[in-house]
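This is what each chain is made of:
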Amino acid sequence: MEFQGISSGFTEAGVDALAVAVFKGEKASSPALKELDALTVGHIASAMKTGEFSGDSGEVLSLRLTPKGKVKASKLLLVGVGEKSDYNAYGIAMAAGCATRTLRKANAKSFAFDARVEDAVVAAQNTVQGAITSQFELDKYKTKDKNDKLVTKVVVFVNGAKLPDLARGVERGRVIGDSMNFARDLANEPPNILHPTEMAKRAQAMAKETGLKCEVLDEAKMTKLGMGSLMSVSYGSEQPAKMIVLRYTPAKNTGKKGELMALVGKGITFDTGGISLKPGEGMDAMKYDMSGGATVLGTMRAIALLKPSVPVLGIVAAVENMPDGKASRPSDVVTAMNGKTIEILNTDAEGRLILADAVAYAETQGATKIVDMATLTGAVIVALGDQNTGIMGNDQALVDEIIDCGKSTGEGFWQLPLSKEYSKQIRSDIADIKNIGPRGKAGTIMGAVFIQEFVDKAKWAHLDIAGTAWFDGVRPHQAKGPTGVAVKSLFELVERSQ
Ligand code: BES
Ligand code: MN
Ligand code: ZN
């Protein structure tokens, strides 16, 4: 996709269509719509009068324009963005996405968009990101019926803006949008193609392209490091586990002295449940059980290209959870890297087993702040559905900061409590801890207090993205499937720590 920023001449842009954000209850005579209303000989005013278009968020009205004089576009799109007071960065991205998906259906190849925002960086970044993520489709493996009608050019209009600001916003939006789609593509890959070795290869290729350092620990190395918890999940698989370690080092570090943020992701490339086998129905969904790892890779990609001035460590534990003669059994006891012993009572609670060693490893690499993300529990879907990621942690300031990042990116994070009382519920009769809590009780919290046992001094937050990493319906601005959740918010978190 091609992008361009302009600060004047919106109605004269050399594109197939013009698109404009419209607030709820706005009048056709408002300064921004007046000229457009005249170009459509009053059709905006009449659509508003009849109630055909009200400006609700997600509403789109397509009107014909007659190209004449300096006007080249033959279509005008009104894109509802809801109440002006609720309009934010996410609203811009959504509106740009709605416009893109509506116009490509109509075979338009290019459009100019007025997001109605004064800040040129914000307008351009979110318009571009929204346009890019809106065209992601699940059709990678189709040999026909591919979605080949694509919008190829978007012109971002911000009245009177400085062109370098528009260019900066375009660049940021392009990197963040592409990085979200990079994560989404990984999550969508079938597990016979994206096994741990392939995930590591994709990470290495991305690192090479973007200038990150990438190290991949193999099973021999992980065994030597004492990662008995992670390794136990891999025993039943023919596919060797990989620990992907990405390092971003800024030219100049302006962050707090000694601080190192680590993003740690669950990369279960397929989760059968192991010997505690999952029911067959719906098991196919478990290809997205590496979405936490995908989010780490996507966020690291954005970091590498947009270069914040703080170092970041990215770690993905890539493992396949399969049942076979070598697989671990319920009642096995294993020892994690930090020396704690774990009684495995359910081999389907495998995400926490691999994250235990991954967060412990992050700390040995100097991490002082750890954010882990994982499709960890079905319970978080029961609790929060697909609108909020569950967040828990040992440091309220870090949790609050992530929640706040989500407010500006439009991603919901909802905190669940941790406490010593909850931690007691994973004490084992025969080992230090067990990998499940009492049946049917606080499943999401049990996952978190388990991981917490492997964090030593670092500030830590845990994101349970089981409900938010995949969306099972089509949205006006987004295809069905992987969402790339938390890439935007974590990138913002890193930028805020500069
Ligand atoms: N990957 C699953 C969690 C999951 C379930 C994600 C459904 C998305 C949709 C995880 O490994 C798992 O199986 N968790 C168990 C834990 C239980 C055995 C304590 C669960 O949630 O049932
Ligand atoms: Mn599982
Ligand atoms: Zn899992």
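Located above this text is the structure these notes cover.
Calculation notes
- Along each chain, residue indices are assigned from 1 in the same order as the chain's sequence is written.
- Labels are handed out in written order, letters beginning with A for the chains and numbers beginning with 1 for the ligands.
- Whole-chain, interface and lining totals are the exception, using all residues; otherwise, since this is a predicted model, local features are given only for residues with pLDDT of at least 70 and side-chain atom pairs are given and counted only at 80 or more.
- To obtain the side-chain values, all non-hydrogen atoms of the structure were used and water was disregarded.
- For Na, K and Ca the donor cutoff is 3.2 Å, while for all other metals N, O and S atoms count as donors only within 2.8 Å; water does not appear among the atoms, so some sites may look incomplete.
- Angular criteria define each label, namely tetrahedral for four donors with all angles between 85 and 135 degrees, square planar for four and octahedral for six donors with opposite donors over 155 degrees apart and remaining angles between 65 and 115, and irregular for whatever fails these tests.
- Each helix is a run of DSSP H or I of at least 4 residues and each strand a run of E of at least 2, with the numbering of both proceeding from the N terminus.
- Relative accessibility under 20% of the residue-type maximum defines a buried residue, over 50% an exposed one, and the middle range a partly exposed one, all with a 1.4 Å probe and only protein chains included.
- Under the counting rule used here, the positive set is Lys and Arg, the negative set is Asp and Glu, and His together with the chain ends is not counted.
- Salt bridges are defined by distance alone: a side-chain nitrogen of Lys or Arg within 4 Å of a carboxyl oxygen of Asp or Glu.
- Between N or O atoms, a polar contact is any pair within 3.5 Å; within protein, one atom must be a potential hydrogen donor and the other a potential acceptor, and residues adjacent in sequence are included only when both atoms are from side chains.
- The contact criterion used throughout is that any non-hydrogen atoms of two residues lie within 4.5 Å.
- A pair of strands counts as paired when DSSP detects no fewer than two bridges linking them.
- Only the stretch in contact is used when a helix axis is fitted, and all axes are lines through C-alpha atoms; the angle between N-to-C directions ranges over 0 to 180 degrees.
- Should an angle lie under 35 degrees it is considered roughly parallel, over 145 roughly antiparallel, and from 65 to 115 roughly perpendicular; all remaining angles are considered oblique.
- For this classification, Asp, Glu, Lys and Arg are treated as charged, while Ala, Val, Leu, Ile, Met, Phe, Trp, Tyr, Cys and Pro are nonpolar and the rest, including Gly, are polar.
- Summary of the distance rule: residues count as near a molecule or strand when at least one heavy atom falls within 4 Å of that molecule or strand.
- Surface exposure here means Shrake-Rupley accessible area, sampled with a 1.4 Å probe, where a residue is shielded only by the protein chains that are shown.
- Using a 1 Å grid laid over the protein atoms alone, points where a 1.4 Å probe fits but cannot get out form a cavity; open sets with protein on both sides within 12 Å along at least 5 of 7 lines form a pocket; any residue with an atom within 4 Å of a point counts as lining.
- Just a note on the criterion: a molecule sits in a pocket or cavity if more than half of its atoms are within 2 Å of the grid points.
- Grid points are joined across faces, edges and corners, and a volume is the space filled by probe spheres set on the points.
- We define the nonpolar core as a collection of buried residues of types Ala, Val, Leu, Ile, Met, Phe, Trp, Tyr and Cys that are connected through side-chain atoms lying within 4.5 Å of one another.
- Ring geometry is summarised as follows: Phe, Tyr and Trp rings, the Trp one being its six-membered ring, pair when their centres sit within 6.5 Å, and such pairs are stacked at plane angles under 30 degrees, edge-to-face over 60 and tilted between the two.

(A) Structural detail: the coordination of the zinc ion (ligand 3). Here the zinc ion (ligand 3) is held by the protein donor atoms Lys266 (NZ), Asp271 (OD), Asp289 (OD) and Glu350 (OE), which lie 2.0 to 2.4 Å from it. Each of the six donor atoms around the zinc ion (ligand 3) contributes to a set of angles spanning 78 to 174°, which defines the coordination as octahedral. In this structure, the zinc ion (ligand 3) is positioned 3.2 Å from the manganese ion (ligand 2), and both are ligated by aspartate 271. Placement of the pair is lysine 266 in strand S9 (residues 261–271) and glutamate 350 in the loop between strand S12 (341–344) and helix H10 (351–364), with a sequence separation of 84 residues.

(B) Expanded view of the coordination of the manganese ion (ligand 2). Asp271 (OD), Asp348 (O), Asp348 (OD) and Glu350 (OE) make up the full set of protein donors to the manganese ion (ligand 2), lying at 2.0 to 2.2 Å. The site at the manganese ion (ligand 2) holds six donor atoms, and with the angles between them running 71 to 168°, its shape is irregular.

(C) Up close: the side chain of aspartate 114. By secondary structure assignment, the location of aspartate 114 is in strand S5 (residues 110–114). Although aspartate 114 is buried, it forms no salt bridge, and the closest oppositely charged side chain is arginine 116 at an N-O distance of 4.7 Å. A polar contact is formed between the side chain of aspartate 114 and the backbone nitrogen of arginine 116, at a distance of 2.9 Å. In this structure, aspartate 114 is in contact with Phe10, Ala19, Val20, Ala21 and Phe157, ignoring residues within four places of it in sequence.

(D) Spatial organisation of the sheet that holds S12. Spatially, three strands are ordered S11-S12-S16 in an open sheet, and the strand pairing comes out mixed. Two strands lie at the open edges of the sheet, namely strand S11 (332–335) and strand S16 (433–434), each paired on one side alone. Of the pairings in the sheet, the one linking S11 to S12 comprises four bridges and is antiparallel in character. Across the sheet, residue valine 334 finds its bridge partner in S12, namely isoleucine 342.

(E) The sheet that holds strand S15 (residues 412–415), seen in detail. Sheet architecture is open: eight strands sit in the order S7-S8-S10-S9-S13-S17-S14-S15, paired in mixed fashion. Both edges of this open sheet fall to strand S7 (213–217) and S15, since each of them pairs with a single strand only. Between one strand axis and the next, the sheet turns through 20° on average, direction left out of account. Alignment of S9 against strand S10 (residues 312–321), held across ten bridges, turns out to be parallel. From the neighbouring strand, lysine 266 faces S10, where its bridge partner is alanine 317.

(F) The packing of helix H6 (residues 196–210) against helix H9 (residues 291–306), seen in detail. Following both chains from N to C, one finds H6 and H9 inclined at 10°, their axes separated by 10 Å at the closest point. Of the possible angle classes, the one that applies to H6 and H9 is roughly parallel. Across the interface between the two elements, Met199, Ala203, Met206 and Thr210 of H6 pack against Gly293, Ala294, Leu297, Arg301, Ala304 and Leu305 of H9. Taken together, the residues of the contact of H6 with H9 break down into seven nonpolar, two polar and one charged.

(G) Representation of the site of ligand 1. What surrounds ligand 1 is a group of 17 residues, the closest being Lys278, Asp289, Asp348, Glu350 and Gly378. In the model, an oxygen atom of ligand 1 is placed 3.2 Å from a nitrogen or oxygen of the lysine 266 side chain. The contact in question runs from a nitrogen atom of ligand 1 to an N or O atom on the side chain of aspartate 289, over 2.9 Å. A total of 510 Å² of accessible area belongs to ligand 1 in isolation, and the protein chains cover 76% of it. Under a 2 Å grid-point criterion requiring more than half of the atoms, the pocket assigned to ligand 1 is the largest pocket. Looking at the shell around ligand 1 residue by residue, the classes come out as six nonpolar, four polar and seven charged.

(H) Quick look at the layout of surface pockets. Estimates place the volume of the largest pocket at around 980 Å³. In this structure, the largest pocket is lined by 35 residues; those nearest its centre are Lys278, Leu376, Thr377, Gly378 and Ala379. Going through the elements one at a time, S9, helix H11 (379–384), helix H14 (443–452) and strand S18 (470–471) are the ones with two or more residues in the lining of the largest pocket. Its residues assigned to classes, the lining of the largest pocket comprises 14 nonpolar, eight polar and 13 charged.

(I) Structural view of the nonpolar core. In this structure, Ile244, Leu263, Leu297, Met300, Val371, Ile402 and Leu463 are the most contacted members of the largest nonpolar core, which totals 59 residues. In terms of residue count, the dominant contributor to this core is H9 (eight residues). Once you skip the residues sitting within four places of it in the chain, methionine 300 turns out to touch Leu212, Leu246, Tyr248, Leu263, Val312, Leu313 and Gly314. Listed in part, the 49 residues of the second largest apolar core include Met227, Leu230, Ala360 and Tyr361.

(J) Region of the structure containing the packing of aromatic side chains. All told, the structure shown has five aromatic pairs when counted by the stated rule. Taken together, a centroid distance of 6.5 Å and an interplanar angle of 70° make the contact between phenylalanine 111 and phenylalanine 113 edge-to-face. Judged on exposure class, the residue phenylalanine 111 and its partner phenylalanine 113 are both buried.

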